[in-house]
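# Geometric and topological summary
Each chain, written out:
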Amino acid sequence: MNLYLRYFDREALVSNVEDAISFLADIDEIGMNPMLEADIREYVLSDVYYPKRYKIRPRVYFIIIKTEAATMQDFKEKKAVHSVAAAEEKEKMVSPAIVRLSEDLPGWYEGSIDFKRVLQVPGTGKFQYRDTHFVARCKATSGLDCYNRIVDHLRQRVDNRSQFPSAKGKNFRFRYLGAWK
């Protein structure tokens, strides 16, 4: 896999992370430092294929793209687009948390949710969002059912402008407590 790097009109297609860091270090405005170098190395080693951009100053970025292109011309002509088979294979891989979320297992669940609650500021009469943590135990048939019951309960008791996270996100957690009788 190669890396395409661009900063304004300066661009390069390199075959390894060392060459990429060397290219970026030659550009004075970027200001290569150990933290940036470590982040670039982490991105290159990861399974992530979407482009990564790094902020230099307001509205000024450089970009790194992983590509299978062997030459700059191949990259520009989009001849080395990420293979469809690999993309289909990734779609088949589903996170275990998402599988557990929809697993049908009736019983007691404890769910915790972090959401943005709209509250009125007493002194000004204006409204603001506050991060709120809520934990509840309920009877449900799955983790998703637990999420839906908690959100339905909260929607009846908080301002309707409050924002609830997705059940698949990191702001909702649940655990199965046991079967009901």
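Residues numbered from 1 in each chain as written. Predicted model: local features only at pLDDT ≥ 70, side-chain atom pairs only at ≥ 80, totals over all residues. Heavy atoms only, no water.

### Some points on the overall build of the protein
- Scanning the protein for helices and strands turns up six helices and seven strands.
- For the protein, the succession of helices and strands along the chain, N to C, is β-β-α-α-β-β-α-α-α-β-β-α-β.
- Taking 2.2 N^0.38 as the reference for a compact globule, 181 residues should give roughly 16 Å; the C-alpha atoms of the protein span a radius of gyration of 24 Å, well beyond that estimate.
- In terms of overall dimensions, the protein has a C-alpha envelope of 65 × 50 × 30 Å along the principal axes. (Helix = DSSP H or I, 4+ residues; strand = E, 2+ residues; numbered from the N terminus. Rg over C-alpha atoms; globule rule 2.2 N^0.38 Å.)

### Describing the sheet that holds strand S6 (residues 127–140)
- In spatial order, the strands read S6-S5-S7; together these three strands make up an open sheet with antiparallel pairing. Bordering the open sheet on either side are S6 and strand S7 (172–178), each of which pairs with just one other strand. Across this sheet, the average inter-strand angle for adjacent strands is 20°, counted without regard to direction.
- With six bridges joining them, strand S5 (residues 107–120) and S7 adopt antiparallel strand pairing. The partner of Trp108 across the bridge, within S7, is Gly178.
- Relative to the sheet, helix H6 (residues 143–155) contacts S5, S6 and S7, its axis offset from that of S6 by approximately 130°. (Pairing = 2+ DSSP bridges. Axes fitted to C-alpha atoms, helices over the stretch in contact; angles between N-to-C directions. Contact = heavy atoms within 4.5 Å.)

### What about the sheet that holds strand S4 (residues 60–67)?
- If you walk across this open sheet you meet the four strands as S2-S1-S4-S3, and the pairing is antiparallel. The outermost strands of the open sheet, each flanked by one partner alone, are strand S2 (10–14) and strand S3 (52–57). With direction set aside, neighbouring strand axes in the sheet form an average angle of 15°.
- In terms of strand pairing, S3 meets S4 through five bridges, oriented antiparallel. Counted as the bridge partner of Arg53 is Ile63 from S4.
- Strands strand S1 (2–7), S3 and S4 of the sheet are contacted by helix H2 (residues 34–45), whose axis makes an angle of about 30° with S4.

### Looking at the side chain of Asn2
- You can see Asn2 is positioned in strand S1.
- For Asn2, the contacting residues outside a window of four places in its chain are Leu13, Val14, Ser15, Ile65, Lys66, Thr67, Ala69 and Ala70.

### Examining unusual backbone geometry
- You will see that Phe8, though not glycine, has its phi angle at about 50°, which is positive.
- Looking at the element boundaries, Phe8 is found in the loop between S1 and S2.
- With a phi close to 60°, Arg59 is a non-glycine residue in the positive phi region.
- Mapped onto the elements, Arg59 comes out in the loop between S3 and S4.
- Classification of Arg59 as exposed rests on a relative accessible area of 79%. (Buried < 20%, exposed > 50% of the residue type's maximum accessible area, 1.4 Å probe, protein only.)

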